[in-house]
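# Coordinate analysis (summary)
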Amino acid sequence: MTDTTHSARSGETGEIWILGAGGRIGGAVAAHLAAQGLRPVLVGRESSGDRLRDTAADLGTRAVVVDGAHGANGANGIDGIDGIAAEISRQRPAVVFNGIGNYAETAPVLARACMPGGHYLDLAADLTAVPRLLGLHQEAERAGSTLVTGSGFGVLATEAVVIRLCEGRPAPAAVRVDALASVSLAAGVVGGAFAASMIDTLATGGRRYSDGRMVTSRLGADLQKLTLPDGQRAKSAGAPTAELIAAQRASKAPSVTVTTGMAPPSPVMRALAPPAGKLLSVGPLRRFAVGQMAKAKMKETPRPRRHSWGHAVVTWSDGTHREGWLRADDGMDYTASVAAAVAARLARGEGRPGAYTPGALFGADLAEQAGGQFLLPDMTHPAPDGAALG
C-alpha cells in the first residue's frame, strides 16, 4: 500500500461532508464550519442543487448533488444511500455529518462507509437509531474511526447537566432529565424526516430504566409542569428519546426517566397515544401516516419561550439530590452549533476510536462551547416529600 493510498483511506482529505446541506440545520452547520476556516462540502438533493451550488460558492467550497441524472461536477449521479456510501468510500472525507434523517437505516451504512479512519456524526435522538450506532463501538475502535450520535440539543443539553451533577460522586439511585426545546418554525411542509420521527415516537411508546433495565412505560407518563429559571413555564411528558440512554450512561443510575416538551402533555392526547401507537406500528399504516404528515403545511411560528432548557434532577440513595439546568437559545440553532462543534473537533483529530454520545466523548464543556450556559446552584439536600424521580 502506498503512502497516498494510506492517506486517502485514513480520511485525511480534510473535507467535512454535510449530508442534507439544503436543510436549515445542515446549512447552519456548514456556515459554522466555514467561519472556522474548515472545508464543508455541501451534499444535498437535486431539488436544492442550485441553492447548494450558490451557497457553496459563497462559502468557498464545493457541492455534491445527489439523486440526479448528473451528479457532482457533471459526473455520474449518486443514487440513494448506498450510492452516497460508495462515494464516501471513494472520496474519503475526513468527517461525514448525516443530517438527512431516517437514522435507523442510514446511520450504520454511512458510518461504515467512513471506516477505516474517517469519522461520522448524526442528529439521531430515538431509541432505535442511537443504540444501533452505539453498537458499532468495537467495530469503530478496530477501524480507528470515531462515531458520534445524538449530536444535537436534547441529548447533549441533558447529558451535560447529568455529567456535571454527578462529578466526583458515587453513582446515584435515580435520575430524571427534561428536554425543553424552544424552536421557531418557518412556513413550509413538515417533511419526511420530522414526520417519521413523530410517528415512530407514537409507535414505540414510552420507555424508562428500572433496576438497571430499560422497560416500557406509558407514552406521556411522568407529566411535568416546570417553572424555568427565567420565570417562564413549560410542560413535558415521557417519550422514547435517546436522552434516556445518554443520562443512564452518564450517571450509571439504575432508575432513569426522561420527559420532553415534544411529548403530548394533554390528558386526551396521552389517552389516545397508546392505541394510536399500536396502529402505527403496522408497516403500511406507518408509511401512509408518515406520507400524509410529511405533506402537512406549517405556518411560520416564533419560538414559544425565550430559551431552550436541558434539566436534570439526580437523587442518591441517602435521599440527597442535586438539580441543574443548561440554557440555550433556539433549539434548532443550538443543534446546529453542537453538530458543528463536534465535526470541527473530529476534523482536528480530537476524538478517540469508538461510538459515543457527544458528552460521553468530549465532556460537559462541549455544551458550553456550543453556546449553552450552565445554571448549577448548590442544591444538595433531602429530596422533597413525594418526589417521584424513578
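The text that follows walks through the structure, step by step, so that each part is easy to find.

For the protein chain, the helix and strand inventory stands at 15 helices and 19 strands. Taking all 390 residues of the protein chain together, the buried fraction comes to 50%. Sequence-distant contacts, at least 24 apart, represent 71% of the contacts inside the protein chain between residues at least 6 apart. When the accessible surface of the protein chain is summed, it comes to about 17200 Å², and 52% of that surface belongs to carbon and sulfur atoms.

Turning to the nonpolar core, a few remarks are in order. Formed by 92 residues in total, the largest nonpolar core has its most connected members in Val29, Tyr120, Leu121, Leu147 and Tyr334. Formed by six residues, the second largest nonpolar core is a distinct cluster that contains Leu180, Leu226, Leu228 and Ala234.

For helix H2 (residues 24-35), which comprises twelve residues, the first-to-last C-alpha distance of 17 Å matches the rise-based estimate of 16 Å (1.5 Å per residue) to within 8%. Packing partners of the buried residues in H2 comprise strand S1 (15-19), strand S2 (39-45), helix H3 (49-59), strand S4 (95-98) and helix H13 (331-347).

Across the sheet, seven strands lie side by side as S3-S2-S1-S4-S5-S6-S17; this open sheet has parallel pairing. Two strands in the sheet have a free side with no partner beyond their single neighbour: strand S3 (63-66) and strand S17 (354-356). The sheet shows a mean angle of 15° between the axes of neighbouring strands, taken without regard to direction. Contacting S1, S4, strand S5 (119-122) and strand S6 (146-148), H13 crosses the sheet at an angle of about 175° to S5.

Our focus in this paragraph is the pattern of salt bridges. Per the stated rule, a full pass over the model turns up 16 salt bridges. The salt bridge partner of arginine 24 is aspartate 330, with a shortest N-O separation of 3.0 Å. Here arginine 24 is found in helix H2, whereas its partner aspartate 330 is found in the loop between strand S16 (320-328) and H13, with 306 residues between them in sequence. Ionic contacts of the salt-bridge type, sharing partners, join the residues Arg164, Glu167, Asp365 and Glu368 into one network.

Let us look at the packing of helix H4 (residues 80-91) against helix H5 (residues 103-114). Two elements in contact, H4 and H5, have axes separated by 8 Å at closest approach and are oriented at 15°. As the angle between them shows, H4 and H5 are arranged roughly parallel. In the packing of H4 onto H5, the handedness of the crossing is right-handed. Across the interface between the two elements, Ile81, Asp82, Ile84, Ala85, Ile88 and Ser89 from H4 touch Thr106, Val109, Leu110, Ala113 and Cys114 from H5. Broken down by class, the residue content of the contact of H4 with H5 amounts to eight nonpolar, two polar and one charged.

Inspection of the entire model under this criterion finds two aromatic pairs. Taking 5.7 Å as the distance between ring centres and 80° as the angle between the ring planes, the aromatic pair formed by tryptophan 309 and tryptophan 325 counts as edge-to-face. With a gap of 16 residues between them, tryptophan 309 in strand S15 (residues 308-315) and tryptophan 325 in strand S16 connect regions that are remote in the sequence. Assessed through its relative accessible area of 0%, tryptophan 309 is described here as buried. Tryptophan 325 gets classed as buried once you look at its relative accessible area, which sits at 8%. Positioned above the aromatic ring of tryptophan 316 is the side chain of arginine 169, whose terminal nitrogen or guanidinium carbon lies 3.9 Å from the ring centre.

Another point: helix H12 (residues 283-295). Compared with an ideal rise of 1.5 Å per residue, which puts 13 residues at 18 Å, H12 spans 19 Å between its outermost C-alpha atoms and is within 8% of the ideal. Those residues of H12 that fall on the buried side of the exposure criterion are Ala289, Val290 and Ala294. One side of H12 carries all its buried residues, which in axial view fall inside an arc of 130°. Set apart from the buried face of H12 by more than 90 degrees, the exposed residues are Pro284, Phe288 and Lys295.

In this section: the pairing of S3. Burial along S3 is two-sided: Ala63 and Val65 and Val64 and Val66, pointing in opposite directions, are all buried. Bridging between S2 and S3 involves four bridges; their strand directions are parallel. Its bridge partner lying in S3, valine 43 is registered against valine 64.

Mapped onto the secondary structure, valine 162 falls in helix H8 (residues 153-166). Between the C-alpha atoms of valine 162 and alanine 312, which are 150 residues apart in sequence, the distance is 6.2 Å.

Procedures and definitions
- Residue positions within a chain follow its written sequence, with the count starting from 1.
- The predicted nature of this model means local features are confined to residues of pLDDT at least 70 and side-chain atom pairs, given and counted, to a pLDDT of 80 or more, with totals for whole chains, interfaces and linings taken over all residues.
- By convention in this description, side-chain values take in all heavy atoms of the structure and omit both hydrogens and water.
- Strands are runs of DSSP state E lasting at least 2 residues, helices are runs of H or I lasting at least 4, and numbering of each runs from the N terminus.
- Working definition: with a 1.4 Å probe on protein chains only, accessible area under 20% of the residue-type maximum means buried, over 50% means exposed, and in between means partly exposed.
- Only heavy atoms matter for contacts: two residues are in contact if any of them lie within 4.5 Å across the pair.
- In short, Shrake-Rupley with a 1.4 Å probe defines the accessible areas, and a residue's cover is counted only from the protein chains shown.
- Within this scheme, the nonpolar core is defined by two criteria: the residues are buried Ala, Val, Leu, Ile, Met, Phe, Trp, Tyr or Cys, and they are joined through side-chain atoms within 4.5 Å.
- Under the convention used throughout, the expected extent of a helix is 1.5 Å for every residue step, that is, one less than its residue count.
- Pairing between two strands requires that DSSP report at least two bridges joining them.
- Axis angles are defined between N-to-C directions and span 0 to 180 degrees, where every axis is a line fitted to C-alpha atoms and, for a helix, only to the segment in contact.
- Take a side-chain nitrogen of Lys or Arg and a carboxyl oxygen of Asp or Glu: if they are within 4 Å of each other, that pair is a salt bridge.
- In what follows, roughly perpendicular refers to angles from 65 to 115 degrees, roughly parallel to angles under 35, roughly antiparallel to angles over 145, and oblique to any angle outside these ranges.
- By convention the crossing between two helices is left-handed if the near helix lies anticlockwise of the far one by an angle smaller than a right angle, and right-handed if it lies clockwise.
- Note on residue classes: Ala, Val, Leu, Ile, Met, Phe, Trp, Tyr, Cys and Pro are nonpolar, Asp, Glu, Lys and Arg are charged, and everything else, Gly too, is polar.
- Pairing of aromatic rings covers Phe, Tyr and the six-membered ring of Trp, with a centre-to-centre limit of 6.5 Å; geometry is then stacked below 30 degrees between planes, edge-to-face above 60, and tilted otherwise.
- Here, a charge over a ring is recorded when the distance from Lys NZ or Arg CZ to the ring centre is within 6 Å and its angle to the ring normal is within 35 degrees.
- Directions are taken from the helix axis to each C-beta atom, and the arc is the one they span.

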